[in-house]
Amino acid sequence: MEGVGEILQGSTFGAQREPREVMGKDDFLKLFIAQVKHQDPLNPLDAFQFTAQLAQFTQIEQLINLNRAVEDLQWLQGHSVILQAVGFIGKEITSTEDSLWFDGDEATALHYRLDHEVKDLKAMIYDEGFHLVRVISLGRKGPGEGTIRWDGLNDQGEPMPAGRYYFRLEAVDEGGNPTEVSSFIKGRVTGIRVQDGTVCLMLGDLPVPLSTATSVEEAQ
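These lines cover the structure that appears in this document, whether it is placed above or below. (Residues numbered from 1 in each chain as written. Predicted model: local features only at pLDDT ≥ 70, side-chain atom pairs only at ≥ 80, totals over all residues. Heavy atoms only, no water.)

Across its full length, the chain holds three helices and 13 strands. Within the chain, the fraction of its 220 residues that count as buried is 33%. By sequence separation, contacts in the chain at least 24 residues apart represent 66% of the contacts at least 6 residues apart. Accessible area of the chain: about 14,000 Å², with a carbon and sulfur share of 51%. (Helix = DSSP H or I, 4+ residues; strand = E, 2+ residues; numbered from the N terminus. Buried < 20%, exposed > 50% of the residue type's maximum accessible area, 1.4 Å probe, protein only. Contact = heavy atoms within 4.5 Å. Areas by Shrake-Rupley, 256 points an atom, 1.4 Å probe, with all protein chains shown as cover.)

And the structure:
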């Protein structure tokens, strides 16, 4: 597993700030001093212009300091989230993430929760291009929690390649009307990763955004 230092260095939170091609307070001050130094002795800056430019300089300095303070706060918040995520490693989490990982042999188990009995419960499996590859019909199901396991085959019985897949659950009542069904996945956190600025908990090879975790407990 990558060290925390390596993760921070490779993350957007750990990236060094790029220099900006804009006028800073030092540049403004240099121009202001040059303007005063080379002013026309017969037509010098009047008091109003002088005061206005000094006020403008003060405003620029305040804005720059405020911007730096905001950047520092964002940087600290980002690293704080990463350090908090480290505490999840080795723990068992429940997540509302709608994706799963298939390693070529076994897929992440899907879990569901029903508040009442349904006439039919289905699980749709999609590949990374969001193409439907499998529909699993479970038929009538009573209230409570249950588990759905995908065997890695498509609707034609052909094995699918290893990788990340997405899923969606649908349920209908006795009248054939759509009814609510909650879905989630569970797994042990093996590491953390930052992807596109999002801190993810790794369930094996599956990145799960930290924000989708709904519970955490000691691994069995």
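Our next topic: the nonpolar core. If you look at the biggest cluster of nonpolar residues, it comprises 33 residues, and the most contacted ones within it are L100, I125 and W150. In contact with W150, not counting residues within four places along its chain, are L100, F102, A107, I125, V133, R134, I136, M160 and Y165. (Core = buried A, V, L, I, M, F, W, Y, C linked by side-chain atoms within 4.5 Å.)

Under the criterion given, the structure shown has eight salt bridges. Put simply, R164 and E97 hold a salt bridge, and the shortest N to O gap is 2.9 Å. Taken together, the residues R164 in strand β7 (residues 163–172) and E97 in the loop between β1 (91–95) and β2 (99–102) connect sequence positions 67 residues apart. With respect to class, R164 is no different from E97; both count as buried. R140 serves as the salt-bridge partner of E174, at 2.3 Å between the closest nitrogen and oxygen. Placement of the pair is E174 in the loop between β7 and β8 (178–179) and R140 in strand β5 (residues 132–141), with a sequence separation of 34 residues. Look at R140 and you get partly exposed, because its relative accessible area is 44%. Salt bridges here are not isolated pairs; linked through shared partners, they connect E117, R140 and E174. (Salt bridge = Lys/Arg side-chain N within 4 Å of Asp/Glu carboxyl O.)

Below, the discussion takes up the side chain of T212. On the secondary structure map, T212 appears in the loop between β12 (206–209) and β13 (213–218). Taking the relative accessible area as the measure of exposure, T212 reaches 14% and is therefore buried. A polar side-chain atom of T212 sits 2.7 Å from a polar atom in the side chain of S95. In this view, T212 contacts T94, S95, T96 and E97; residues no more than four positions away in its chain are not counted. (Polar contact = N/O pair within 3.5 Å; in protein donor to acceptor, adjacent residues only side chain to side chain.)

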